[in-house]
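# Fold and geometry: a report
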Amino acid sequence: MRTVNIYRFTFITALIVMFMSCERNFDIKLEDNVPQLIVEAYINNELPLYNYVILGRSQGYYDNGFENIPVTGATVTITEGTLEANNVYNWNTATKKRLIEGKLPQFGNAMLPGVYFDSMISRNQLNRALIGTPGKHYLLEIDAEGKHYSAITQLLPVVPVDSLTSGFHYLDDDGDSTLEKARITVHYKDPDTIGNTILHYWRHGYDKDNFGWGGLGSNRFITGSDELVNGEYIHLTHSYGFLLTDSVSYFMAGVERKVYNFWDSFNKARSNGGPFSTPVKLLNTIEGENVIGCFSGFSLSVRSIVIK
């Protein structure tokens, strides 16, 4: 049976209360934090299995442990629509898809509490499952524990990857062995419109049993905006080193600015230097009470490469 690693990325790091240090001792009474609903939701145009919603509940400051509690039994739907000229959304109710918890045959029928998929996936009918369309908007609605939450995201036009190459070889000495590695360069043309933001993901041939965007490991790479390179042809070399002969699936995701801003804030919070560092504000795209998270629309261009 495969091991499913869907919770690789969690939001708990960014939700820990941070305090500034000082030289004098103070007796501070800490109030218990209000638990937050944590939403991690995705819609993309290429991979039906990677359109899902994870719901969790953060624990209070005084609770033991650092794991989120899965939120089960919620009603989760995604509806496709368009943004009209009068800046009003027109939602096509005929496209509304209900996402449910269940056992996935693709992963040994393991039950994933708090993880919601299109029911067609559990029936092993990926060709009929929820899939996004570039240019469309998507409405996420969640009814959980007596409260309603919602979010809207857009799938932008796809920025195609022209090609991938490997090179920039080097020797990586970890103390026990020395391995030859190489770096990937992605080649693509930035659109002529200003303000494009892109996330880059990749999956190694040897970690195919990890599932989900978070399960791809610490491979999220944010290029930033294109103010300085708008409309230019890009040759972007990643600093990450890949083993020779490794087969790599590469995903380049065009995203809205608000999605980019969320993941940028999340990465900064995740890598923050502990409770005595300057606090980082985690941004949010979900509407509702005591909720934090993001509904991420990924316009994907997918390529594969064998590292040489």
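Above this note sits the structure.
In short, a report on the structure. Quick caveat, the model's predicted, so the values are computed rather than measured. (Residues numbered from 1 in each chain as written. Predicted model: local features only at pLDDT ≥ 70, side-chain atom pairs only at ≥ 80, totals over all residues. Heavy atoms only, no water.)

A few words on the nonpolar core. In globular proteins that are soluble, nonpolar side chains generally tend to be buried together. Judged by nonpolar contacts, the single largest core of 31 residues is most densely connected at Phe117, Trp213, Trp263 and Phe298. No other element matches the five residues that helix α3 (residues 257–270) contributes to this core. In this view, Phe298 contacts Tyr42, Ile43, Asn44, Asn45, Leu155, Leu199, Tyr201, Trp213, Ala253, Gly254, Val255 and Val259; residues no more than four positions away in its chain are not counted. If you look at the next biggest cluster of nonpolar residues, it comprises 23 residues, including Leu37, Ile78, Leu140 and Tyr149. (Core = buried A, V, L, I, M, F, W, Y, C linked by side-chain atoms within 4.5 Å. Buried < 20%, exposed > 50% of the residue type's maximum accessible area, 1.4 Å probe, protein only. Helix = DSSP H or I, 4+ residues; strand = E, 2+ residues; numbered from the N terminus. Contact = heavy atoms within 4.5 Å.)

Let's shift gears to the pairing of strand β19 (residues 291–306). For β19, the tally of buried residues reaches twelve of 16 residues, placing the bulk of the element in the interior. Direction of pairing for strand β1 (residues 37–44) relative to β19: parallel, over a ladder of eight bridges. Residue pairing across strands places Leu37 opposite Val291, the latter belonging to β19. Relative to β19, strand β18 (residues 247–255) is paired through eight bridges, and the arrangement is antiparallel. Bridge pairing links Val248 to Ile305 in β19. (Pairing = 2+ DSSP bridges.)

This next bit is on the side chain of His204. Mapped onto the elements, His204 comes out in strand β14 (residues 197–204). Look at His204 and you get buried, because its relative accessible area is 4%. Polar side-chain contacts of His204 include one of 3.3 Å to the side chain of Tyr240. One polar contact links His204 to Asp246, side chain to side chain, over a distance of 2.8 Å. (Polar contact = N/O pair within 3.5 Å; in protein donor to acceptor, adjacent residues only side chain to side chain.)

Within the secondary structure, Gly56 is located in strand β2 (residues 53–57). Overall, the relative accessible area of 7% leaves Gly56 in the buried class. Placed 19 residues apart in sequence, Gly56 and Leu37 show a C-alpha to C-alpha distance of 5.9 Å. Beyond its immediate sequence surroundings of up to four residues, Gly56 is in contact with Gln36, Leu37, Ile38, Ile69, Pro70 and Val71.

Of note, Val161 is situated in the loop between β11 (147–154) and β12 (163–173). Excluding residues that lie within four positions of it along the chain, Val161 makes contacts with Val186, His187, Tyr188, Met252, Ser301 and Arg303.

Moving on, we get to unusual backbone geometry. Even without glycine at this site, Asn87 takes up a positive phi of about 65°. Here Asn87 shows up in the loop between β4 (75–83) and β5 (89–91). On the basis of relative accessibility, which here comes to 60%, the residue Asn87 falls in the exposed class. Residue Asn290 is not a glycine yet carries a positive backbone phi of 55°. Topologically, Asn290 is positioned in the loop between α3 and β19.

Everything listed here is a matter of coordinates, which is why it stays silent on function.
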